[in-house]
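# Breakdown of the fold
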Amino acid sequence: MIQMNDLFQAYRTFFGTGDALYRLFSPYRICPLGAHVDHQHGLVTGFAFDSGIEFLFSETETGKVEMASLSFEGLMTFNVQRPIDEKQNNWGDYLRGATWALQQDFQLKKGVRGIVKGSMPIGGLSSSAALLCGFVMALAKVNHLELDKMQVIHYASRAEREYVGLNNGILDQACVVLCEADKLLYLDTKSQQYELIPFASGKSKGGKDGAEEGMLPFKFGIFFSGVTRKLTGTDYNLRVSECKTAAWIMQAYEGIPLKELQDTRLRDVEEATFLKHENDMPERFARRARHFYTECDRVKDGVEAWKAGDIERFGQYVFESCESSMNNYECGSPELIALYHIMRETDGIYGGRFSGAGFKGACIALVDPDKEESIKRHVEEEYLKQYPQYKDSFHAYFCSPANGVEFL
């Protein structure tokens, strides 16, 4: 986590002293299996990990919001007692979006004054979800709103979809809020039913006996390509529409009455129906549907491997997920694709894939903790041979699973 002295010093610099302060940590997340299916109400898995966004804040009686970031420029100011203005295309849109979402159901009276700082580069780890969920909880705290975890997820997701403009599902927010340090989150994004599943105890790498009780036989490797991206400026929303159109096409073949496109999901169509019409559909839409159904199958298979304590088999499904993301979902920048191929041939990496939407950003991997140094050295050397221009912006980190967003 961030050194608290940095945040306290920044708070005093911006706002002076004397306020009662709250401290909140909102983690980043990874999704090992379940890529690109949450917006189609598919099955997903996830972890939060011990890096994220830290908040230090106090309440304002006037309703004024004054938030500064140690990661981005600009003091964001607005008032929660007034209607939220249109987006301003800066990081404050996430703060305004969270406020706007809560205003749909609550009359907010108190604002927030504070500092936020992220502990990693932006790209692929759902920093937006960490910021949104954290700010929803900050506003709820000062306004004495009793929100349960699913409500926090709902308001943060609504903010990102309806205010920010990214047509995603609830995967990111669910990981940020629901995860526990020693468990895999397994979530059905349609029913919103979920499990937190412990790794099989008494197992080690590859399902062999002998691991210390309660210890996970892996850590997360986070490899930043050095290329940043903003999802609202990519083909992310286009892919969502293509998935919905694929569902529409199959329903039309079957003579099923169609709903509005925005209300249509691939989860509405059985996999058997896809297999029946796979060769009749335009290839673009068949590929999107193929990814959805095979990815949901990989999630179910991966959960069984996790329950069996077989990290190598679980990791293999993660590699296969990335293959489908490239070939069927057709995402991945050249840099991320290069990182993926390097990870596949690196000793000590059990599995890996693009993180987030796969449009630039980062790759994540499940790694042998005993081989961190050799993994970092090999991945960095091989990547920079191909992309030397990212020498100063490529980064590698190793992290552990963590609890979801919480006050400290």
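Residues numbered from 1 in each chain as written. Predicted model: local features only at pLDDT ≥ 70, side-chain atom pairs only at ≥ 80, totals over all residues. Heavy atoms only, no water.

Read from one edge to the other, the open sheet built from four strands follows the order β9-β10-β8-β11, with strand pairing classed as antiparallel. Two strands lie at the open edges of the sheet, namely β9 (349-354) and β11 (395-399), each paired on one side alone. Between one strand axis and the next, the sheet turns by 20° as a mean value, whatever way the strands run. By the bridge criterion, five bridges tie strand β8 (residues 219-224) to β11 in an arrangement that is antiparallel. Bridging across to β11, F224 finds its partner in H395. Against the sheet, helix α9 (residues 311-327) contacts β9 and β10 (362-367), and its axis sits at roughly 25° relative to β9. (Pairing = 2+ DSSP bridges. Helix = DSSP H or I, 4+ residues; strand = E, 2+ residues; numbered from the N terminus. Axes fitted to C-alpha atoms, helices over the stretch in contact; angles between N-to-C directions. Contact = heavy atoms within 4.5 Å.)

Aromatic rings in a pair are described by how distant their centres are and how their planes are angled relative to each other. The final tally for this structure, using the stated rule, is 24 aromatic pairs. Between Y383 and F394 the ring centres are 5.2 Å apart and the planes differ by 35°, which places this aromatic pair in the tilted class. One end of the pair, Y383, is in helix α11 (residues 372-386); the other, F394, is in the loop between α11 and β11, with 11 residues separating them in the sequence. The burial state of Y383 is the same as that of F394; both residues are buried. Through a chain of ring-to-ring contacts, three or more aromatic side chains come together here, namely Y28, F47, F49, F199, F218, F220, W306 and F314. Taking the ring centre of F407 as reference, the NZ or CZ of K141 above it sits at 4.8 Å. Seen from the ring of F319, R344 lies directly overhead, with NZ or CZ sitting 4.4 Å from the centre. (Phe/Tyr/Trp six-rings, centres within 6.5 Å; stacked < 30°, edge-to-face > 60°. Buried < 20%, exposed > 50% of the residue type's maximum accessible area, 1.4 Å probe, protein only. Lys NZ or Arg CZ within 6 Å of the ring centre and 35° of its normal.)

The next point concerns the pattern of salt bridges. Considering all chains together, one arrives at 31 salt bridges under this definition. Here D268 makes a salt bridge to K259, at a shortest N to O gap of 3.4 Å. The exposure class of D268 is partly exposed, given its relative accessible area of 30%. In this structure, the salt-bridge partner of E330 is R288, at a minimum N-O distance of 2.8 Å. Taken together, the residues E330 in the loop between α9 and α10 (334-344) and R288 in helix α8 (residues 283-307) connect sequence positions 42 residues apart. Look at R288 and you get buried, because its relative accessible area is 1%. Within this structure, R239, E242, E278, E283, R284, R287, R288, R290 and E330 form a network of salt bridges that share partners. (Salt bridge = Lys/Arg side-chain N within 4 Å of Asp/Glu carboxyl O.)

Across its 15 residues, α11 extends 22 Å between first and last C-alpha, which sits within 8% of the 21 Å expected from 1.5 Å per residue. Of all the residues in α11, the buried ones are E372, I375, V379, Y383 and L384. One side of α11 holds all its buried residues, which, seen down the axis, span an arc of 130°. Away from its buried face, by an angle of more than 90 degrees, α11 presents the exposed residues E373 and K385. The secondary structure elements touched by the buried residues of α11 are β8, α10, β9, β10 and β11. (Expected span 1.5 Å × (residues − 1). Arc of directions from axis to C-beta.)

The biggest cluster of nonpolar side chains holds 127 residues, and the ones touching the most others in it are F135, I222 and F223. Not counting residues within four places of it along the chain, the set of residues in contact with F223 comprises L339, M343, I349, A362, C363, A365, I375, V379, F394, H395 and A396. The next biggest cluster of nonpolar side chains, apart from the first, holds seven residues, and it includes A10, Y11, F15 and I115. (Core = buried A, V, L, I, M, F, W, Y, C linked by side-chain atoms within 4.5 Å.)

Here we take up the pairing of strand β2 (residues 43-60). Among the 18 residues that make up β2, 16 are buried, leaving the element largely enclosed by the rest of the structure. Here nine bridges tie strand β1 (residues 22-30) to β2, and the two strands are oriented antiparallel to one another. Among the inter-strand pairings, R29 is bridged to a residue of β2, identified as A48. The pairing of β2 with strand β6 (residues 183-188) spans four bridges and is classified as antiparallel. Residue pairing across strands places G46 opposite L185, the latter belonging to β6. With two bridges joining them, β2 and strand β12 (residues 401-402) adopt antiparallel strand pairing. Of the residues in β12, the one forming a bridge with A48 is A402. Two elements, β2 and strand β5 (residues 111-118), share eight bridges in a ladder whose sense is antiparallel. Across the sheet, the residue bridging to L56 is I115, located in β5.

Here helix α2 (residues 92-103) crosses helix α4 (residues 149-164) at 115°, and the two axes come no closer than 8 Å. By the angle between their axes, α2 is roughly perpendicular relative to α4. With respect to the hand of their crossing, α2 and α4 are arranged in right-handed fashion. The residues of α4 that touch α2, namely those facing D93, Y94, R96, G97, A98, W100, A101 and L102, are Y155, R158, A159, E160, E162, Y163 and V164. (Parallel < 35°, antiparallel > 145°, perpendicular 65-115°, else oblique. Left-handed = near helix turned anticlockwise from the far one by under 90°.)

The next point concerns the packing of α8 against α9. Two elements in contact, α8 and α9, have axes separated by 9 Å at closest approach and are oriented at 170°. Considering the angle they form, α8 stands roughly antiparallel to α9. Residues R287, H291, T294, E295, R298, D301, G302, E304, A305 and W306 of α8 form the contact with α9, whose participating residues are R313, F314, Y317, E320, S321, S324, S325 and N327. Partitioned by chemical class, the residues of the contact of α8 with α9 number four nonpolar, seven polar and seven charged. (Nonpolar A, V, L, I, M, F, W, Y, C, P; charged D, E, K, R; others polar.)

What follows deals with unusual backbone geometry. Backbone geometry places H144, a non-glycine residue, at a positive phi of 55°. Its location among the elements puts H144 in the loop between α3 (127-142) and α4. In the Ramachandran plot, E330 falls in the positive-phi region, its phi being about 55° despite a non-glycine side chain.

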